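# What the coordinates show
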Amino acid sequence: MSQKKLRASERREAIVQWLKEEGAPLKGGELAERAGVSRQVIVQDMSILRAKEEPVLATAHGYMYMGDGQANNEREWIAVRHAPDEMKDELYTFVDYGLTVNTVVIEHEVYGELSGRIDVSNRRDVDAFCERVTDSGSALLSQLTDGVHLHLVEASRKEQITNAKAALREKGFLIE
């Protein structure tokens, strides 16, 4: 635990600074320990920071600050279709071309748009994500739409996205 418990406004400023400095996700428990508060207080702080329009994102790996450098990345929605057992191949294709897969979205006939965070940017992330899916016994969102889904991807250069799409096309995954 931190030796000094920070006041609310100081704590939120510190959280933003820690997230900016880290450049990678920080777990709520780690932030709570640094700030000398409970994890629930951190969850509340995150809600307040978002209400103040701070670009803080909750991911499966922790909280991230999405301002500054990330805003300059190229982003694109890519429509794909594949069988559930081809998910790892699809995600490897994205990350092998230097992309980060942020989100998966489907259009459900009853519920409308359903989405989930993926946040993978390398093969280790993909393996961990696939393991979580397997261990949980959860169905993929794409199984509700016969394999059709969208991914929001991000890369530092447009050509990375173009090259990944060409590879997905060659594998028969890309919907155009």
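Preceding this section is the structure that the text describes.
Since we're looking at a predicted model, the values are computed, not measured. For every chain, the first residue of the written sequence is number 1, and numbering continues from 1 along that sequence. Given that the model is predicted, a residue must reach a pLDDT of at least 70 before its local features are reported, and side-chain atom pairs must reach 80 or more before they are shown or counted; all residues, however, enter totals for whole chains, interfaces and linings. Hydrogens and water are ignored here; the side-chain numbers use all heavy atoms of the structure.

### Remarks on the overall build of the protein
For helices the rule is a DSSP run of H or I covering at least 4 residues; for strands it is a run of E covering at least 2, with both sets numbered from the N terminus onward. Broken down by element type, the protein carries six helices and six strands. Secondary structure elements of the protein, listed N to C terminal, follow the sequence α-α-α-β-β-β-α-β-β-α-β-α. Viewed in the frame of its principal axes, the protein has a C-alpha envelope of about 55 × 35 × 30 Å. The contact criterion used is simple: two residues touch if any of their non-hydrogen atoms lie within 4.5 Å. Of all intrachain contacts in the protein linking residues separated by at least 6 positions in sequence, the fraction that spans at least 24 positions is 70%. Calculation of accessible area relied on Shrake-Rupley with a 1.4 Å probe; when residues are assessed, cover is drawn exclusively from the protein chains displayed. Split by element, the accessible area of the protein, about 10000 Å² in all, is 47% carbon and sulfur. None of His or the chain ends enter the tally, which takes Lys and Arg as positive and Asp and Glu as negative. By convention, the charge on Lys lies at NZ, on Arg at CZ, on Asp at CG and on Glu at CD. Counting 23 positive and 30 negative side-chain charges, the protein places the centres of these two groups 6 Å from one another.

### A few points about the sheet that holds strand β6 (residues 148-155)
Paired strands, in this sense, are two strands between which DSSP finds at least two bridges. Strand order across the open sheet formed by four strands is β3-β6-β4-β5, with antiparallel pairing between neighbours. On the outer flanks of this sheet lie β3 (74-81) and β5 (112-120), each paired with one strand and no other. When the angles between neighbouring strand axes are averaged without regard to direction, this sheet yields 20 degrees. As judged from the seven bridges shared by strand β4 (residues 100-108) and β5, these two strands associate in the antiparallel manner. Bridged to valine 105 within β5 is serine 115. Each axis is a line fitted through C-alpha atoms, taken for helices only over the stretch in contact, and angles between the N-to-C directions span 0 to 180 degrees.

### Observations concerning helix α1 (residues 8-22)
Across its 15 residues, α1 extends 21 Å between first and last C-alpha, which sits within 8% of the 21 Å expected from 1.5 Å per residue. Any residue under 20% of the maximum accessible area for its type is buried, any over 50% is exposed, and the rest in between are partly exposed; the area is computed with a 1.4 Å probe on protein chains only. Within the sequence span of α1, burial applies to Arg11, Arg12, Ala14, Ile15, Val16, Trp18 and Leu19. The inward-facing, buried residues of α1 abut α2 (28-35), α3 (39-51), β1 (56-59) and β2 (62-65). The span one expects for a helix is its residue count, reduced by one, times 1.5 Å.

### Observations concerning the environment of glutamate 154
With respect to the secondary-structure elements, glutamate 154 resides in strand β6. Here glutamate 154 falls in the buried class, since its relative accessible area comes to 7%. Each C-alpha atom, one on glutamate 154 and one on asparagine 102, is 7.3 Å from the other, the two residues being 52 residues apart in sequence. A polar side-chain atom of glutamate 154 sits 3.0 Å from a polar atom in the side chain of asparagine 102. N or O atoms closer than or at 3.5 Å make up a polar contact, with two conditions inside protein: a donor-capable atom paired with an acceptor-capable one, and, for residues adjacent in sequence, both atoms drawn from side chains.

### Observations regarding the packing of aromatic side chains
Any two rings among Phe, Tyr and Trp, with Trp reduced to its six-membered ring, count as a pair given centres within 6.5 Å; such a pair is stacked if its planes are under 30 degrees apart, edge-to-face if over 60, and tilted if neither. Enumeration over the complete set of coordinates arrives at zero aromatic pairs. Consider the ring centre and the ring normal. A charge sits over the ring if Lys NZ or Arg CZ is within 6 Å of that centre and within 35 degrees of that normal. Directly above the ring of tyrosine 92 sits arginine 123, whose terminal nitrogen or CZ lies 3.8 Å from the centroid.

### Digging into the packing of helix α4 (residues 87-96) against helix α5 (residues 123-136)
For the pair α4 and α5, interaxial distance at closest approach is 9 Å and the crossing angle is 155 degrees. Judged by the inter-axis angle, α4 sits roughly antiparallel to α5. Where α4 crosses over α5, the handedness of that crossing is right-handed. Between α4 and α5, the contacting residues are Met87, Lys88, Leu91, Tyr92, Val95 and Asp96 on the first element and Arg123, Val126, Asp127, Phe129, Cys130 and Val133 on the second. With respect to orientation, any angle under 35 degrees is reported as roughly parallel, any angle over 145 as roughly antiparallel, any angle of 65 to 115 as roughly perpendicular, and every other angle as oblique. Each crossing gets its hand from how the near helix is turned against the far one by less than a right angle, where anticlockwise is left-handed and clockwise is right-handed.

This is a description of form; function is not addressed.
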